[in-house]
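Spelled out from the first residue to the last, the chains are:
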Amino acid sequence: MKPALSIILFTTIAGAAQGMVVVLALASLAGTAPVAALGPMLWTATVMLMVALLASFFHLGHPMRAWRAVLMWRTSWMSREVIALPVFIALVGGWALLASVARPEAVAAPWLAVVALVGAFLLWYCTAMIYACIRFIQEWAHPLTIVNYTTLGLASGAVTTGALAVLAGAGEFARAMAGWALAATMLAWFTRTLSLRRNARLKPKSTIQSATGIQAARVVQKSMGMTGGSFNTREFFHGASARAVRMTKVGFQVLAFAVPMLLLAWAWTSGSGWAWLLALASQAAGLLAERWFFFAQAQHPQNLYYQVVS
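Residues numbered from 1 in each chain as written. Predicted model: local features only at pLDDT ≥ 70, side-chain atom pairs only at ≥ 80, totals over all residues. Heavy atoms only, no water.

So, about the overall build of the protein chain. For the protein chain, the helix and strand inventory stands at twelve helices and zero strands. When the helices and strands of the protein chain are listed from N to C terminus, the series reads α-α-α-α-α-α-α-α-α-α-α-α. Relative to the 2.2 N^0.38 estimate, which gives 19 Å for 310 residues, the radius of gyration of the protein chain is 21 Å and therefore close to what a compact globule would have. For the protein chain, the spread of C-alpha atoms along the principal axes amounts to about 75 × 45 × 30 Å. Here the protein chain, with 310 residues, has 46% of them falling under the buried criterion. Contacts in the protein chain between residues at least 24 apart in sequence constitute 79% of all its contacts with a sequence separation of at least 6. By element, 69% of the accessible surface of the protein chain is carried by carbon and sulfur atoms, the whole surface being about 15700 Å². (Helix = DSSP H or I, 4+ residues; strand = E, 2+ residues; numbered from the N terminus. Rg over C-alpha atoms; globule rule 2.2 N^0.38 Å. Buried < 20%, exposed > 50% of the residue type's maximum accessible area, 1.4 Å probe, protein only. Contact = heavy atoms within 4.5 Å. Areas by Shrake-Rupley, 256 points an atom, 1.4 Å probe, with all protein chains shown as cover.)

Structure follows, in structure tokens:
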């Protein structure tokens, strides 16, 4: 599939914001949330969610008709996501406002954290199911798609929260959660590796013979099936070389997981603020590459006929 920059930005930024809300909600329930920095962090998560929402509009052919996406909520996971995201933004924004003006004991109300947790996981599920429900794209049609959206969001949210805590002067909170951020990143790498191994073993259900109707034992494709480009040739194949895809696969694992884990271990043992900031920068770049790979690796069956250009 062809990765769209708007969707890459949307899923990456929104996932990190959701992870931040989960981390802050759990910290609030545990009584360890940095009260002075809680409001600014929640406002940051709200802004990130709004930026992600804005980015998603650039993927639409007619942005002014975006409101129509909610009409199919009974059957479409995208419609459900379109409903869940603004509700979650309002929830996080309301919590941020309360954290900014209310007493600390009011901010720590358990119901706020619980509702935020439910909203974050529900939004992850809706977003992941948009892809997991497409049965003919085998790379996506698996529960690991849902698991990975969740674990990657938790990992990026934990790292983002720690980096913001350092910038807000809550160094003790950052150091206390360094181990949790490291564990979340390790878990995300583990679940993503499971999906990579699964996808590497996949065998296409369709063949060139079934796509073209030619039943000869050996069929060699010499052209893309038409004399000029079309929507099919532009939107369902990324156009990158096999080598570029392989390099991206290695690169995102190094940047999103390996390097941040080393830096988080450094932050955990030394309390270094720079370790958090470097981990955030590395992981952000790695997750953008990971999301590009997520789409690029998906093989649409129509590419059996349209992909090859003579």
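Let us keep going from here.
Now for the nonpolar core. Judged by nonpolar contacts, the single largest core of 53 residues is most densely connected at Leu42, Leu49, Trp95 and Trp276. Mapped by element, the contributors of at least two residues to this core are α1 (5–30), α2 (35–57), α3 (77–101), α5 (110–132), α6 (143–167), α7 (171–200), α10 (242–270) and α11 (273–297). Counting residues in each nonpolar core, the second largest holds 16 residues, with Ala4, Ala128, Met129 and Phe295 among its members. (Core = buried A, V, L, I, M, F, W, Y, C linked by side-chain atoms within 4.5 Å.)

Under the counting rule described, the total for this entry stands at two salt bridges. Across the pair Glu290 and Arg192 runs a salt bridge whose closest N-O atoms are separated by 2.6 Å. Here the residue Glu290 occupies a position in helix α11, and Arg192 occupies one in helix α7, the gap between them amounting to 98 residues. Two residues, Glu290 and Arg291, come together in a salt bridge whose shortest N-O distance is 3.2 Å. The same class applies to Glu290 as to Arg291, namely buried. Through salt bridges with shared partners, a single network forms among Arg192, Glu290 and Arg291. (Salt bridge = Lys/Arg side-chain N within 4 Å of Asp/Glu carboxyl O.)

Following the sequence through the fold, Ala258 ends up in helix α10. Here the alpha-carbon distance between Ala258 and Thr185, two residues 73 residues apart in the chain, equals 8.8 Å. Excluding anything up to four places from it in sequence, Ala258 contacts Trp189 and Gln253.

This paragraph deals with the packing of aromatic side chains. The relative placement of two aromatic rings is captured by the distance of their centres and the angle of their planes. By the definition in use, this model includes 13 aromatic pairs. With 5.3 Å between their ring centres and 10° between their planes, Trp140 and Phe294 make a pair best called stacked. In this pair, Trp140 sits in the loop between α5 and α6 while Phe294 sits in helix α11, placing the two residues 154 residues apart along the sequence. Take Trp140 and Phe294: they sit in the same class, and that class is buried. (Phe/Tyr/Trp six-rings, centres within 6.5 Å; stacked < 30°, edge-to-face > 60°.)

Moving on, we come to a nonpolar patch on the surface. Taken together, the side chains of Leu26, Leu29, Val114 and Val118 define a hydrophobic patch exposed on the protein surface, amounting to about 340 Å² of accessible area. Contributing elements (two or more residues each) for the nonpolar patch: α1 and α5. Looking at where Leu29 falls in the secondary structure, it is placed in helix α1. For Leu29, a relative accessible area of 42% translates into the label partly exposed. (Patch = residues over 30% accessible without salt bridge, like charges linked within 9 Å, V, L, I, M, F, W, Y side chains within 5 Å.)

Here we come to the side chain of Thr151. Tracing the chain through its elements places Thr151 in helix α6. Judged by relative accessible area, Thr151 falls into the buried class, the value being 7%. Setting aside residues up to four positions removed in sequence, Thr151 forms contacts with Ala184, Leu187, Ala188 and Thr191.

On average, residues of the protein chain score 89 in pLDDT, and 93% of them are at 70 or above. Mean pLDDT across the secondary structure elements of the protein chain bottoms out at helix α4 (residues 104–107), with 57, and peaks at α6, with 97. (pLDDT = per-residue confidence, 0-100.)

All right, on to the packing of α10 against α11 then. Between α10 and α11, the shortest axis-to-axis distance is 8 Å and the interhelical angle comes to 155°. The orientation of α10 relative to α11 falls into the category roughly antiparallel. α11 is crossed by α10, and the crossing has left-handed handedness. For the contact of α10 with α11, the class distribution of residues is 19 nonpolar, four polar and two charged. (Axes fitted to C-alpha atoms, helices over the stretch in contact; angles between N-to-C directions. Parallel < 35°, antiparallel > 145°, perpendicular 65-115°, else oblique. Left-handed = near helix turned anticlockwise from the far one by under 90°. Nonpolar A, V, L, I, M, F, W, Y, C, P; charged D, E, K, R; others polar.)

Between α1 and α5, the least distance of the axes is 9 Å, while the angle of their chain directions is 155°. Comparing their axes, α5 and α1 come out roughly antiparallel. As for the relative orientation of α1 and α5, their crossing is left-handed in sense. Packed against α1, whose contacting residues are Ile7, Thr11, Gly15, Gln18, Gly19, Val21, Val22, Ala25, Leu26, Ser28 and Leu29, the element α5 presents Pro110, Ala113, Val114, Ala116, Leu117, Ala120, Phe121, Leu123, Trp124, Thr127 and Tyr131 at the interface. Of the residues belonging to the contact of α1 with α5, the class tally is 16 nonpolar, six polar and no charged.

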